Amino acid sequence: MAVGFGILWYIRNKSWKPALGLMLIGIMHSFIVLSIIMPALSPTGEHPMLAGRYSWLGHSMGEIIGRLFTDPFSIIKVVMIDFKGIAYIVLLFAFFCGFPLLAPEFLLPGLADLAANMLSAVSMPRLIIAYHSVTLIPLLATAAIYGVKRLSLWQSRYTLTQLAGLAVILSFVGGYVFAPLPLPGARNFWAPAHFLSLPDPRVQMIRSLVGENASVSAQANVGSHFSQRHEIYRYPNMVGQVDAIILRLESPTTNINNLPDQIKNNRKYLIGSLDSHLQMDRTEYIASIKSLLSDNKYGVLLWDDPWLVLAQGASGHGLEQKLEQKLNRLQKEWKIDSKALVDAENAVLGQKMPFLNVR
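Residues numbered from 1 in each chain as written. Predicted model: local features only at pLDDT ≥ 70, side-chain atom pairs only at ≥ 80, totals over all residues. Heavy atoms only, no water.

Enquirer: So what's going on with the overall build of the chain? Residues and values would help.
Expert: A count of helical and extended segments in the chain gives 13 helices and 5 strands. Computed over the C-alpha atoms, the radius of gyration of the chain is 26 Å, more than 25% above the 21 Å expected from 2.2 N^0.38 for a compact globule of 359 residues. Along the three orthogonal principal directions, the C-alpha set of the chain runs to about 80 × 50 × 45 Å. Within the chain, the proportion of its 359 residues that are buried is 37%. Partitioning the contacts of the chain with sequence separation of at least 6, the portion at a separation of at least 24 is 59%. For the chain, the exposed surface amounts to about 20800 Å²; the carbon and sulfur share of it is 63%. (Helix = DSSP H or I, 4+ residues; strand = E, 2+ residues; numbered from the N terminus. Rg over C-alpha atoms; globule rule 2.2 N^0.38 Å. Buried < 20%, exposed > 50% of the residue type's maximum accessible area, 1.4 Å probe, protein only. Contact = heavy atoms within 4.5 Å. Areas by Shrake-Rupley, 256 points an atom, 1.4 Å probe, with all protein chains shown as cover.)

Enquirer: Please set out the packing of aromatic side chains residue by residue, giving values where relevant.
Expert: On inspection of all chains with the given rule, the structure shows 7 aromatic pairs. Aromatic side chains tryptophan 56 and phenylalanine 83 sit 5.3 Å apart centroid to centroid with 80 degrees between the ring planes, which places their arrangement in the edge-to-face category. In this pair, tryptophan 56 sits in the loop between helix H2 (16-41) and helix H3 (61-70) while phenylalanine 83 sits in the loop between helix H4 (72-82) and helix H5 (85-94), placing the two residues 27 residues apart along the sequence. On the basis of relative accessible area, tryptophan 56 is assigned to the partly exposed category, the value being 21%. Judged by centre distance (5.9 Å) and plane angle (80 degrees), the ring pair of phenylalanine 226 and tryptophan 307 falls under edge-to-face. (Phe/Tyr/Trp six-rings, centres within 6.5 Å; stacked < 30°, edge-to-face > 60°.)

Enquirer: Now, about the environment of lysine 84: what can you tell me, with residues and values included?
Expert: Relative to the elements of secondary structure, lysine 84 occurs in the loop between H4 and H5. The exposed category is assigned to lysine 84, whose relative accessible area is 61%. Sequence separation between lysine 84 and phenylalanine 69 is 15 residues; the distance between their C-alpha atoms is 21 Å.

Enquirer: Can you lay out unusual backbone geometry for me, pointing to particular residues and giving the numbers?
Expert: Following tyrosine 235, the chain continues into proline 236 via a peptide bond in cis, with omega recorded as 10 degrees. Structurally, proline 236 is set in the loop between strand E2 (232-234) and strand E3 (244-248). The backbone phi angle of glutamine 279 is positive, close to 60 degrees, even though this residue is not glycine. Mapped onto the fold, glutamine 279 is located in the loop between helix H10 (274-278) and helix H11 (282-294). By relative accessible area, which is 32% here, glutamine 279 ends up partly exposed. The phi dihedral of lysine 335 falls on the positive side, at around 55 degrees, and the residue is not glycine.

Enquirer: Would you mind going over the pairing of E3 in detail, with residue names and values included?
Expert: Summarising burial for E3: 5 of the 5 residues are buried, a large majority. Burial along E3 is two-sided: Ala244, Ile246 and Arg248 and Ile245 and Leu247, pointing in opposite directions, are all buried. Note: strand E1 (residues 216-218) against E3, 3 bridges, orientation parallel. Considered in E3, the bridge of valine 216 is made with alanine 244. (Pairing = 2+ DSSP bridges.)

Enquirer: Tell me what's going on with the environment of alanine 144, and back it up with residues and numbers.
Expert: Tracing the backbone shows alanine 144 in helix H7 (residues 137-154). When the C-alpha atoms of alanine 144 and alanine 164 are compared, they prove to be 8.6 Å apart, with 20 residues separating the residues in sequence. If near-sequence neighbours (up to four positions away) are discounted, alanine 144 is found in contact with Phe96, Phe99 and Pro100.

Enquirer: So what's going on with helix H1 (residues 2-13)? Which residues, and what values?
Expert: A rise of 1.5 Å per residue sets the reference length of H1, with its 12 residues, at 16 Å; its end C-alpha atoms lie 16 Å apart and thus fit the reference within 8%. All of the buried residues along H1 are Gly4, Gly6 and Leu8. Among the structural elements, H2 are those in contact with the buried residues of H1. Two residues or fewer past H1, lysine 14 is found with a positive phi of approximately 55 degrees. (Expected span 1.5 Å × (residues − 1).)

Enquirer: Run through the packing of H1 against H2, naming residues and quoting values.
Expert: In the contact formed by H1 and H2, the axes pass within 7 Å of each other and the chain directions differ by 170 degrees. The orientation of H1 relative to H2 falls into the category roughly antiparallel. Of H2, the residues touching H1 (which contributes Ala2, Val3, Phe5, Gly6, Ile7, Trp9 and Tyr10) are Trp16, Pro18, Ala19, Leu22, Met23, Gly26 and Ile27. Partitioned by chemical class, the residues of the contact of H1 with H2 number 12 nonpolar, 2 polar and no charged. (Axes fitted to C-alpha atoms, helices over the stretch in contact; angles between N-to-C directions. Parallel < 35°, antiparallel > 145°, perpendicular 65-115°, else oblique. Nonpolar A, V, L, I, M, F, W, Y, C, P; charged D, E, K, R; others polar.)

Enquirer: Hey, could you go over the sheet that holds E2 for me, with residue numbers and the actual values?
Expert: Overall, mixed pairing links the 5 strands, which are arranged E2-E1-E3-E5-E4 in an open sheet. The open sheet has two free edges, formed respectively by E2 and strand E4 (298-304), since each of these has just one partner strand. Taking the axes of each pair of neighbouring strands and ignoring which way they run, one obtains an average angle of 20 degrees across the sheet. Sheet topology note: the E4/strand E5 (residues 307-312) ladder contains 6 bridges and is antiparallel. Bridged to aspartate 304 within E5 is tryptophan 307. Of the strands in this sheet, E3, E4 and E5 are in contact with H11, which crosses E3 at around 135 degrees.

Enquirer: With reference to specific residues and values, describe the pattern of salt bridges.
Expert: Across all of its chains, the model carries 12 salt bridges by this definition. We note a salt bridge from aspartate 343 to lysine 339, for which the minimum N-O separation is 3.2 Å. Within this pair, aspartate 343 and its partner lysine 339 are both found in helix H13 (residues 338-349), separated by 4 residues, close to a single helical turn. Given a relative accessible area of 58%, lysine 339 falls into the exposed group. Several salt bridges converge on common partners, so that one network encompasses Asp200, Arg202, Arg248, Glu250 and Asp304. (Salt bridge = Lys/Arg side-chain N within 4 Å of Asp/Glu carboxyl O.)

Here it is in structure tokens:
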């Protein structure tokens with residue numbers, strides 16, 4: 001980004017010293033962070049993204065940069081066609097009616113972030129519902145402002161206000177269409193179960209009940225509420241060894257769909273689905289809870305629908321029937337096949353499914 005600002009500075013001001021200074025700062029900063037700081041602090045000794053999102057380009061920054069210069073056409077093909085980069089770019093510019101293209105030099109500071117998004121083998125950075133494009137918005141807006149100004153000077157049919165108004169209208173319409181909220185006509189990608197979710201006062205109560213020093217295995221989508229402790233794991237990791245287990249027996253989304261069988265090999269959970277929020281198959285989730293309730297290692301410390309807290313040494317006699325009814329309702333609401341659930345329960349009991357003891 002700093003390099004892009006340096007080039008933009010020279011284009012706008014024709015002053016090469018500040019421009020070169022900015023470019024050198026950007027290059028040095030990138031080298032120090034990516035080649036020295038991140039490898040030094042990484043448990044693996046390398047930038048973690050290089051082993052995942054960008055491994056198709058090379059296994060080191062040197063390899064990646066070298067391939068960008070030696071094999072640019074095949075990379076462009078993969079990015080634009082296979083990674084659907086064309087659709088991503090078109091959508092970005094559509095929000096501003098294409099006006100940024102009339103002032104392309106103002107997009108230079110955003111090329112680094114755009115490249116990071118488009119070169120990623122993971123599609124999330126190119127999805128409008130994700131946060132990865134947020135750094136591009138100020139630059140697109142600035143380029144659109146200058147683009148509208150230039151267009152108003154080139155023609156007299158539409159005024160500056162009319163052109164700017166068109167961009168504003170398209171931005172609002174696009175924002176509404178892609179809004180992650182249950183609005184009429186909106187895409188509503190995340191499909192939240194509740195339109196507005198106020199802070200749950202029971203979270204603080206559970207923190208106090210469990211204690212600050214207890215080790216916890218918490219459901220994936222609620223773990224952040226209980227993370228200020230020495231030991232916390234994502235459920236069902238370390239079950240059988242932790243002091244307490246914290247679960248929230250409800251779906252945060254109305255999207256209760258699993259992946260089709262034909263693409264399960266490539267992606268375990270569909271982003272935005274219940275299984276993705278749980279970070280485990282919902283059938284295994286219900287089976288694991290039933291197994292815990294039938295075992296004597298953990299007792300019910302708290303049941304305040306939908307919160308379930310289990311702890312070693314706790315005693316929650318008399319709640320078994322209520323919890324069984326709750327789990328049966330979830331099985332029906334979450335469209336869990338009865339036979340698949342029985343198979344999962346048998347696998348747990350027979351220790352054929354190790355998901356209850358994953359570190």
